[in-house]
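# Notes for the structure review
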Amino acid sequence: ARKFVLLSNTEIRLWQNYSPFLKQKIYLIYNPITVNPSNKNENQLSFKKFLAIGNNIDVKGFDILIEAWQQQKSNWILQIVGLSDSDIKQIQSLIDEKSVKNVEVFGKVKNIQDFYQNSSVFVLSSRKEATPLVLIESQAFGLPAIIFNHLLGALEIVDNSAIVVNYESPINSLAEAMDKISTDKDLYGRLSYYAVRNAKRFSEERFKEQWMKILE
């Protein structure tokens, strides 16, 4: 019998609505974490860095993020990682146009683990998103997340480990969230704790166990 393995409950609901006959054949298996958080720094708040990762400015909402960054009041650094050369030029033009400070832009990197280890908060400013592996990986390093409330696939990954902000007023709500988490140590500690706990759901061991059950 055929079986359909999907990456999120959101996708499962969409497929079930499309074809009720698939209901008994659909299984959920999240992507596993393949980075090694064994060297996780226990005081990541001290780095004072927000991290965003992606390869498309429009889809990942990096233009929204830059405008929100202009409004926020922290003295932290924003790092955007994973862009092509042309997108780097485009985002740099926006940074220059807005006279935004404390933003560092990187292309595609092989050492993404180093960025997780040396950041404090993961920001998902996407306009569209399914089940982002980078969000799962950031949880393993204890990074609290800031995500928009319309990203249903991402929301099911975080469990008390994120500040969920309103996509209807994306710039203001994102800026307010960044200000809040950069000044509230208790909030940061609580979200970081839940991030590490959440990440255990995405271990390679659990991934293998789930596939073995399906293949029995």
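Here goes a summary of the coordinates provided. (Residues numbered from 1 in each chain as written. Predicted model: local features only at pLDDT ≥ 70, side-chain atom pairs only at ≥ 80, totals over all residues. Heavy atoms only, no water.)

### Here we look at the pattern of salt bridges
Under the criterion given, the structure shown has four salt bridges. Taking the shortest distance from any N to any O, the salt bridge between Asp58 and Arg127 comes out at 3.4 Å. A residue pair is termed long-range when its members are at least 10 positions apart, and Asp58 in helix 2 (residues 57-60) and Arg127 in the loop between strand 6 (121-124) and helix 6 (133-140) qualify at 69 residues. With relative accessibility at 49%, the residue Asp58 sits in the partly exposed group. Looking at Arg127, the relative accessible area reads 25%, which means it is partly exposed. (Salt bridge = Lys/Arg side-chain N within 4 Å of Asp/Glu carboxyl O. Helix = DSSP H or I, 4+ residues; strand = E, 2+ residues; numbered from the N terminus. Buried < 20%, exposed > 50% of the residue type's maximum accessible area, 1.4 Å probe, protein only.)

### Things to note about the pairing of strand 4 (residues 77-81)
Buried residues dominate strand 4, accounting for four of its five residues. Of the pairings in the sheet, the one linking strand 3 (residues 49-53) to strand 4 comprises five bridges and is parallel in character. Looking at the pairing, Leu51 lines up with Gln79 of strand 4. The pairing of strand 4 with strand 5 (residues 103-106) spans four bridges and is parallel. Each residue of the ladder has a partner; that of Gln79, found in strand 5, is Glu104. (Pairing = 2+ DSSP bridges.)

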